[in-house]
Amino acid sequence: RIQRTAMERIRSVLFTRLQAAPLDVFDHHSSAELSSLFVEEARRALECLPVGVGLIQTVGTGVLYIGALIWISPILGGGTVLAGVIGAALIGRLYRHFGRLGREMTSGNMELARRTAAAFNGVRVVRAANAQRVEAERFDRTNTAQATVNERYQRAAAVLQPIVETGSLVAAISLLLGAYAFLVAPGAMSSAKLTAFGLVLLRLVPLVNRFFGVQAHLLFLSSSIREITRWLDTPQFPARAFGATVKVVHVLEDVR
C-alpha cells in the first residue's frame, strides 16, 4: 500500500512540475523520454522501497546475531566484525560497477524510448524514403545496447553471490578452526561455547550474502532515484504571475 501511494505521489508531483517547467525543457527532451521517466524510471525508483525494507530487516537481524557472537566470545565476535569490514572493502570496487551499470541502464531506457518514438512519429517520412531497414538497424543497435547492460548486471549479480558465499564460509570455517586450535585446545574456551558460537555464526553467513546482494541491487536502482530527483528539481515557469510587473532598481556608484 505504501509503495502504491508513493508511486501515485511521485508521478503526480512529476506531472505538476513538468507542466510548469520552462519550454526549453521540452525542446531538449522528447515526449518519449518523459514517458519513460513516468513509466520505467518511476517503477525502478519505487522498487527501491521493498528492497530497502529488506535491507533494514537483514541489517537488524544481523546486528542481533553479531551481538550474540560478541556476548559469547568478545574476541571471536570482534574477529567476525573485522572479517566483515575487510570483505566489504574488497567488494567495494564491484559496487562501483553496479552503480555505473545503473546509470547506463537509465540512459539506455531513455534512448530506447526516444528511438522508438522517433521511428513511429515519422513513419510516413520513413516509408516515403524507403528507410525502414535503416530505422530497424538503428533500433536494433539501441535495443541490443540496452539489453547488454541488463545482461551485464545479471552476470555481475550472479558472480557476486558465489564470491560472497564462498568468502563468508571460508572466513567462518577459518575462524572456528583457529578458535579451536588457540582457545579450545589450550583450555581457554570450552567446546560448548565454541559450538554455540559456530551455530550463531552459521546463521549469520546467509544474512551476509543477502546484505551484499541487496546492497548491490540498491546501487543498480539508485540511478533512477537520481533521475527522478533531477526532474523534481526542474525550475518552474513562470516565476511570477502572468501580467505582473517587475520593478527594476538601478544602483549608481561613483567610481573614483
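This structure is a prediction, so every number in the text was calculated from the model and none was measured. (Residues numbered from 1 in each chain as written. Predicted model: local features only at pLDDT ≥ 70, side-chain atom pairs only at ≥ 80, totals over all residues. Heavy atoms only, no water.)

A.B. asks: Even after reading the chapter, I still don't get a positive patch on the surface, so can you show me in this structure?
C.D. replies: On the surface, Arg93, Arg96, Arg100, Arg103 and Arg226 cluster together into a patch of positive charge. With 4 residues, helix α4 (residues 74-121) is the single largest residue contributor to the positive patch. Within the secondary structure layout, Arg226 lies in helix α7 (residues 191-232). Taking the relative accessible area as the measure of exposure, Arg226 reaches 44% and is therefore partly exposed. (Patch = residues over 30% accessible without salt bridge, like charges linked within 9 Å, V, L, I, M, F, W, Y side chains within 5 Å. Areas by Shrake-Rupley, 256 points an atom, 1.4 Å probe, with all protein chains shown as cover. Salt bridge = Lys/Arg side-chain N within 4 Å of Asp/Glu carboxyl O. Lys, Arg positive; Asp, Glu negative; His and termini not counted. Charge placed at Lys NZ, Arg CZ, Asp CG, Glu CD. Helix = DSSP H or I, 4+ residues; strand = E, 2+ residues; numbered from the N terminus. Buried < 20%, exposed > 50% of the residue type's maximum accessible area, 1.4 Å probe, protein only.)

A.B. asks: Explanation requested: the layout of surface pockets in the structure shown.
C.D. replies: Leftover empty space is mapped by rolling, across the atoms, a probe with the size of a water molecule. Of the voids in this model, the largest pocket is the one considered here, and its volume is about 690 Å³. Lining the largest pocket are 29 residues; nearest its centre among them are Thr80, Ala83, Gly84, Val208 and Phe212. Of all elements in the fold, only α3 (31-72), α4, α6 (132-184) and α7 reach the threshold of two or more residues within the lining of the largest pocket. Along the lines of polarity and charge, the residues of the lining of the largest pocket split into 21 nonpolar, 8 polar and no charged. (1 Å grid on protein atoms, 1.4 Å probe; cavity = no way out; pocket = protein on both sides within 12 Å on 5 of 7 lines; lining within 4 Å. Points joined across faces, edges and corners; volume = space filled by probe spheres on them. Nonpolar A, V, L, I, M, F, W, Y, C, P; charged D, E, K, R; others polar.)

A.B. asks: Explain the side chain of Ser36 here, please?
C.D. replies: Here Ser36 shows up in helix α3. Apart from the residues lying within four places of it in its own chain, the contact partners of Ser36 are Glu41, Asn109, Met110 and Ala113. (Contact = heavy atoms within 4.5 Å.)

A.B. asks: Teacher, can you tell me more about the pattern of salt bridges here?
C.D. replies: Note that side chains of opposite charge can pair when their charged atoms are close. This structure, assessed with the given rule, holds 9 salt bridges. In this structure, Arg138 and Glu135 form a salt bridge, with 3.3 Å as the shortest nitrogen-oxygen distance. With a gap of 3 residues between them, Arg138 and Glu135 both fall in helix α6, about one helical turn apart. Of the residues examined, Glu135 reaches a relative accessible area of 16% and is grouped as buried.

A.B. asks: Please clarify how the packing of α3 against α4 should be interpreted in this entry.
C.D. replies: The description of two packed helices rests on the angle between their axes and on the distance between the axes. Where α3 contacts α4, the axes come no closer than 12 Å and their chain directions differ by 175°. Judged on the interaxial angle alone, α4 and α3 are roughly antiparallel. Along its contact with α3, which presents Ala32, Glu33, Ser36, Leu37, Glu40, Glu41, Arg44, Ile66, Leu69, Ile70 and Ile72, the element α4 presents Pro74, Gly77, Thr80, Val81, Gly102, Met105, Thr106, Asn109, Met110, Ala113, Arg114 and Ala117. Residues belonging to the contact of α3 with α4 are distributed by class as follows: 12 nonpolar, 6 polar and 5 charged. (Axes fitted to C-alpha atoms, helices over the stretch in contact; angles between N-to-C directions. Parallel < 35°, antiparallel > 145°, perpendicular 65-115°, else oblique.)

A.B. asks: How should α3 be read in this particular structure?
C.D. replies: Three- or four-residue spacings in an α-helix give side chains the same orientation, since the helix completes a turn every 3.6 residues. Its 42 residues place the ends of α3 61 Å apart at the C-alpha level, agreeing with the 62 Å of an ideal helix rising 1.5 Å per residue. At Leu37, α3 shows its largest kink, close to 35°. (Expected span 1.5 Å × (residues − 1). Bend = angle between axes of the 7 residues up to and from the residue.)

A.B. asks: Would you explain the confidence of the model for the chain in this entry?
C.D. replies: A low pLDDT means the predicted coordinates there should not be read in detail. On average, residues of the chain score 81 in pLDDT, and 92% of them are at 70 or above. Considering each helix and strand of the chain separately, the mean pLDDT is smallest for helix α2 (residues 23-28), with a value of 74, and largest for α7, with 87. Confidence over residues 246-256 falls short of pLDDT 50; this stretch has 1 contact with residues more than four positions distant or in other chains. (pLDDT = per-residue confidence, 0-100.)

A.B. asks: Looking at this structure, I do not really get the environment of Glu47. What am I missing?
C.D. replies: With respect to the secondary-structure elements, Glu47 resides in helix α3. On the accessibility criterion, Glu47 (24% relative accessible area) is partly exposed. Spatially, the C-alpha atoms of Glu47 and Arg100 are 18 Å apart, while their sequence positions differ by 53 residues.

A.B. asks: In this structure, what is going on with the packing of aromatic side chains? I would like to understand it.
C.D. replies: The description of an aromatic ring pair rests on the distance of the ring centres and on the angle between the ring planes. Summed over all chains, the structure comprises 4 aromatic pairs. Between the aromatic rings of Phe15 and Phe38, the centroid separation amounts to 6.5 Å while the plane-to-plane angle is 70°, which identifies the pairing as edge-to-face. Here Phe38 lies in helix α3 and Phe15 lies in helix α1 (residues 2-19), a separation of 23 residues in the sequence. Taking relative accessible area as the criterion, Phe38 reaches 17% and is therefore assigned buried. Plain terms: the ring middles of Phe211 and Phe212 are 5.5 Å apart, the flat faces sit at 70° to each other, and that makes the pair edge-to-face. Phe211 gets classed as partly exposed once you look at its relative accessible area, which sits at 27%. What makes Phe212 buried here is its relative accessible area of 7%. Counting every residue linked through ring pairs, the aromatic cluster contains Phe98, Tyr153 and Phe220. (Phe/Tyr/Trp six-rings, centres within 6.5 Å; stacked < 30°, edge-to-face > 60°.)

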